[in-house]
Amino acid sequence: MNSYIHIRRRHFLQVAVPGMLSLSTTLALGSCSKSAQNTASSTGINPSDIKTKVLRMGYQQAGDPVRVTGVLEKRLEPLGIKVEWAQFAQGPQLMEAMNVGKVDVGSVGETPPIFAQAAGADIVYVVGSKRTPETGRSSIIAVPPESPIQKLEDIKGQEVVFQKASASHYFVLRALQEVGLKISDIKIRSMPNVDARGAFIEGRIPVWVSGDPHYALAEKLGRIRVIKTAEGLDSPGAYYISGRKFAGENPGLLKLVIEEIDKIEQWAANHRSEAAKLIAPEQKLSLDVAERVVGRRTFGRRAISPALIQDQQRVADLFYENDLLPKPVNISAALLSSDLYAAITPTTISQR
């Protein structure tokens, strides 16, 4: 199994229609078509606007209440749309899969889409995430408990392990900037969290930039000492990203998807214990670890706005200024038209 991508389910549908349909088959198909039209109309989607029969969703390991609860499947099944889920080690791997057409929609931090855009991926920002004063508690820069490193400044000259082009990359860049250090002051070793966790717990990684559930698992074992969290970091937050072609062809579908994502995240924010109980078995986590993961997570969506894109542009510019991108990235080139954003953004979504 590829260590970068784990596809939980994969459906390949092949349809063959030999010869001419009989009259009874034609009538049956006509009846099904009328039923589908009625169902689509009840959801507010014009049947002609449905351009796909399969929605391929990408997710990461931190526990996704959208996937676990099956809300998308329940909402889209009456429309004849199946949902397939693909799990990824981190955001860069998800973006790579989207770039080659294997994922339609996926959730990543602020950094992966910037690097994907720099590499030529034709992606678009679909919806952002809410930010609160507590956002960032689940992202950490940490050392083993016995490490002599006591504060962030002490990591100068040290090997620091994280996945390049992930949200951790921006986190460590900004954290170093705050204490007067540059990214060139550390020795970067790029490794996905799922691969680095074991080595860190064994004390073989001096400095680790990571997040949940890996943070919570190391925490339970008493094998981690946090020297910096991402609380208060000026990150725009996470996004759901889509391929441009998919988004342009399926605005009605995307609106339903965003509605369901926001609704279940709002539920999870207000029912964290129940959400943890759902996520724990799916992620193969003990309940206490799942409760830590869910307890530190920020839930809820916000619309793509000029202010949000300005913040995202600031992140892209910082990467370029530090010679971490081969060329400047114009975030506005990865946006939909204002009409399309109006079509896909539910009125219930926060505008801030």
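What counts as what
- Every chain's residues receive numbers from 1 upward, in the order its sequence appears when written.
- Reporting in this predicted model follows two pLDDT cut-offs: at least 70 for local features of residues, and 80 or more for side-chain atom pairs to be given and counted; totals over whole chains, interfaces and linings ignore these cut-offs and use all residues.
- Note that the side-chain values use all heavy atoms of the structure and ignore hydrogens as well as water.
- Put simply, DSSP H or I for four residues or longer makes a helix, DSSP E for two residues or longer makes a strand, and each gets a number counted from the N terminus.
- Contacts were defined at the residue level, with two residues in contact if any of their heavy atoms lie within 4.5 Å.
- Note on areas: Shrake-Rupley, 1.4 Å probe, and residue coverage restricted to the protein chains presented here.
- Two strands make a pair as long as DSSP finds a minimum of two bridges between them.
- Axes here mean lines fitted to C-alpha atoms, for a helix over just the part in contact, with angles spanning 0 to 180 degrees between N-to-C directions.
- Using a 1.4 Å probe on the protein chains alone, a residue whose accessible area is under 20% of its type maximum counts as buried, one over 50% counts as exposed, and one in between counts as partly exposed.
- A helix's residues, less one, multiplied by 1.5 Å, set its expected span.
- Across the chain, each position has a pLDDT score giving the predictor's confidence in that residue, from 0 to 100.
- Using a grid of 1 Å spacing that covers the protein atoms alone, one calls a set of points a cavity when a 1.4 Å probe fits there but cannot get out, and a pocket when the set is open and has protein on both sides within 12 Å along at least five of seven lines; lining residues are those with an atom within 4 Å of a point.
- Grid points are joined across faces, edges and corners, and a volume is the space filled by probe spheres set on the points.
- Only Asp, Glu, Lys and Arg are considered charged in this grouping, and only Ala, Val, Leu, Ile, Met, Phe, Trp, Tyr, Cys and Pro are considered nonpolar; every other residue, Gly among them, is considered polar.
- Remark: nonpolar core denotes a set of buried residues (Ala, Val, Leu, Ile, Met, Phe, Trp, Tyr, Cys) joined through side-chain atoms within 4.5 Å.
- Polar contacts, as counted here, are pairs of nitrogen or oxygen atoms within 3.5 Å of one another; within protein the pair requires one atom able to donate a hydrogen and one able to accept it, and residues that are adjacent in sequence qualify only if both atoms are side-chain atoms.

S.K.: An account of the overall build of the protein chain is requested, with residue identities and associated values reported.
M.R.: Of regular secondary structure, the protein chain possesses 14 helices and 12 strands. Within the protein chain, residue pairs in contact and separated by at least 24 positions form 81% of the contacts whose partners lie at least 6 positions apart. Within the structure as shown, the protein chain displays about 16,500 Å² of accessible surface, and the carbon and sulfur contribution to it stands at 51%.

S.K.: Describe the sheet that holds strand E9 (residues 207-211), and please don't skip the residues or the numbers.
M.R.: Each strand in a sheet pairs with its neighbour through backbone hydrogen bonds, running either in the same direction (parallel) or in the opposite one (antiparallel). Read across the open sheet, the 5 strands follow the order E8-E7-E9-E6-E10; overall the sheet is mixed. Across the chains shown, the open sheet's two edge strands, defined by having one partner strand only, are strand E8 (187-190) and strand E10 (225-229). The average angle at which neighbouring strand axes cross in this sheet is 30 degrees, direction not considered. The strands touched by helix H6 (residues 167-178) within the sheet are strand E6 (139-143), strand E7 (159-162), E8, E9 and E10, with E6 carrying the most contacts at an inclination of about 70 degrees. Each of E6, E7 and E9 touches helix H7 (residues 193-201); the most contacted strand, E9, lies at about 130 degrees to it.

S.K.: Outline unusual backbone geometry, supporting the account with residue identities and numerical values.
M.R.: With an omega of 5 degrees, the peptide bond running from Asp 212 to Pro 213 counts as cis. Positionally, Pro 213 belongs in the loop between E9 and helix H8 (214-220). Of note in the backbone geometry, Ala 165 takes a positive phi value of approximately 70 degrees without being a glycine. Along the chain, the position of Ala 165 falls in the loop between E7 and H6. Of note in this structure, Lys 284 is not a glycine but carries a positive phi near 60 degrees. Here Lys 284 lies in the loop between helix H11 (272-283) and helix H12 (287-296). A residue is classified by how much of its surface remains accessible, and Lys 284, at 77% relative accessible area, is exposed.

S.K.: Which residues make up helix H13 (residues 306-321), and what values do they have?
M.R.: Taking 1.5 Å per residue as the helical rise, H13 with its 16 residues ought to reach 22 Å, and the 22 Å between its terminal C-alpha atoms agrees with that figure. Those residues of H13 that sit buried are Leu 308, Ile 309, Gln 312, Gln 313, Val 315, Ala 316, Leu 318 and Phe 319. Directly beyond the C-terminal end of H13, a positive phi value near 60 degrees is found at Asp 323.

S.K.: How would you sum up the environment of Leu 254? Please name residues and give values.
M.R.: Relative to the helices and strands, Leu 254 is located in helix H10 (residues 251-270). Exposure remark for Leu 254: the relative accessible area of 1% places this residue in the buried category. Separated by 149 residues in sequence, Leu 254 and Val 105 have C-alpha atoms that sit 9.0 Å apart.

S.K.: Go over the confidence of the model for the protein chain with me, naming the residues and quoting the values.
M.R.: Averaged over every residue, the pLDDT of the protein chain is 87; residues scoring 70 or more account for 86%. Low pLDDT, under 50, characterises residues 1-42; the stretch is placed with 36 contacts to residues that sit more than four places away or in other chains.

S.K.: Break down empty space enclosed by the protein for me, with residues and values.
M.R.: Taken as a whole and judged by the stated rule, the model has 1 cavity of 30 Å³ or more. Of the voids in this model, the largest cavity is the one considered here, and its volume is about 1,000 Å³. What lines the largest cavity is a set of 46 residues, and nearest its centre among them are Gly 109, Ser 138, Ser 139, Ala 167 and Ala 238. Mapped by element, the contributors of at least two residues to the lining of the largest cavity are strand E2 (54-59), strand E4 (105-108), H6, E9 and H12. With 4 residues, H6 is the largest single contributor of residues to the lining of the largest cavity. A breakdown of the residues in the lining of the largest cavity according to their chemical character gives 14 nonpolar, 23 polar and 9 charged.

S.K.: Can you break down the nonpolar core residue by residue, with the values?
M.R.: Leu 55, Leu 76, Tyr 125, Ile 141, Ile 155 and Val 172 are the most contacted members of the largest nonpolar core, which has 82 residues in total. Examining the composition of this core, we find that 7 residues originate from one element, H10, more than from any other.

S.K.: How would you summarise the side chain of His 169 if you had to cite specific residues and measurements?
M.R.: Tracing the sequence through the fold places His 169 in helix H6. A polar contact is formed between the side chain of His 169 and the backbone nitrogen of Ala 165, at a distance of 3.0 Å. With sequence-adjacent residues up to four places away left out, His 169 is seen in contact with Thr 111, Phe 115, Phe 162, Gln 163, Lys 164, Ile 188, Phe 319 and Leu 324.

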